[in-house]
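# Chain and residue survey
Single-letter residue listing:
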Amino acid sequence: MGGYGFYVWGSYVVTLVCIVGEILLISNRHRTLERQHGLIFDINRKRDNK
């Protein structure tokens, strides 16, 4: 790698960390939205049954 191995592998590590972090953030946001949707659905269902 011509003396640039640390830079090249460091770039790979930083990219991997960013991709994994993005996946975790998206997954967390997805769970939050599902939870909110469930709460809204339950509230609307209770309101409609009255």
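Figured I'd write up the structure that's included with this text.

## Considerations on the packing of aromatic side chains
In the structure shown here, the tally under the stated rule is one aromatic pair. Judged by centre distance (5.4 Å) and plane angle (50 degrees), the rings of Trp9 and Tyr12 are tilted. Residue Trp9 and its partner Tyr12 are both found in helix H1 (residues 5-49); the two are separated by three residues, about one turn of the helix. The pair formed by Trp9 and Tyr12 is uniform in burial state, with each residue classed as exposed.

## Looking at the pattern of salt bridges
Taken as a whole and assessed by the stated rule, the structure comprises two salt bridges. The closest approach of N and O atoms between Asp42 and Arg45, which form a salt bridge, is 3.1 Å. Note that Asp42 and Arg45 are positioned in helix H1 at a spacing of three residues, about one turn of the helix. Assessed through its relative accessible area of 44%, Arg45 is described here as partly exposed. In this structure, Arg47 and Asp48 form a salt bridge, with 3.9 Å as the shortest nitrogen-oxygen distance. Neither residue differs from the other here; Arg47 and Asp48 are each classed as exposed.

## Quick word on a nonpolar patch on the surface
Together, Met1, Trp9 and Tyr12 make up an exposed nonpolar region whose accessible area comes to about 420 Å². When you line up the elements, Met1 lands in the segment before H1.

About the thresholds
Residues numbered from 1 in each chain as written. Predicted model: local features only at pLDDT ≥ 70, side-chain atom pairs only at ≥ 80, totals over all residues. Heavy atoms only, no water. Phe/Tyr/Trp six-rings, centres within 6.5 Å; stacked < 30°, edge-to-face > 60°. Helix = DSSP H or I, 4+ residues; strand = E, 2+ residues; numbered from the N terminus. Buried < 20%, exposed > 50% of the residue type's maximum accessible area, 1.4 Å probe, protein only. Salt bridge = Lys/Arg side-chain N within 4 Å of Asp/Glu carboxyl O. Patch = residues over 30% accessible without salt bridge, like charges linked within 9 Å, V, L, I, M, F, W, Y side chains within 5 Å. Areas by Shrake-Rupley, 256 points an atom, 1.4 Å probe, with all protein chains shown as cover.

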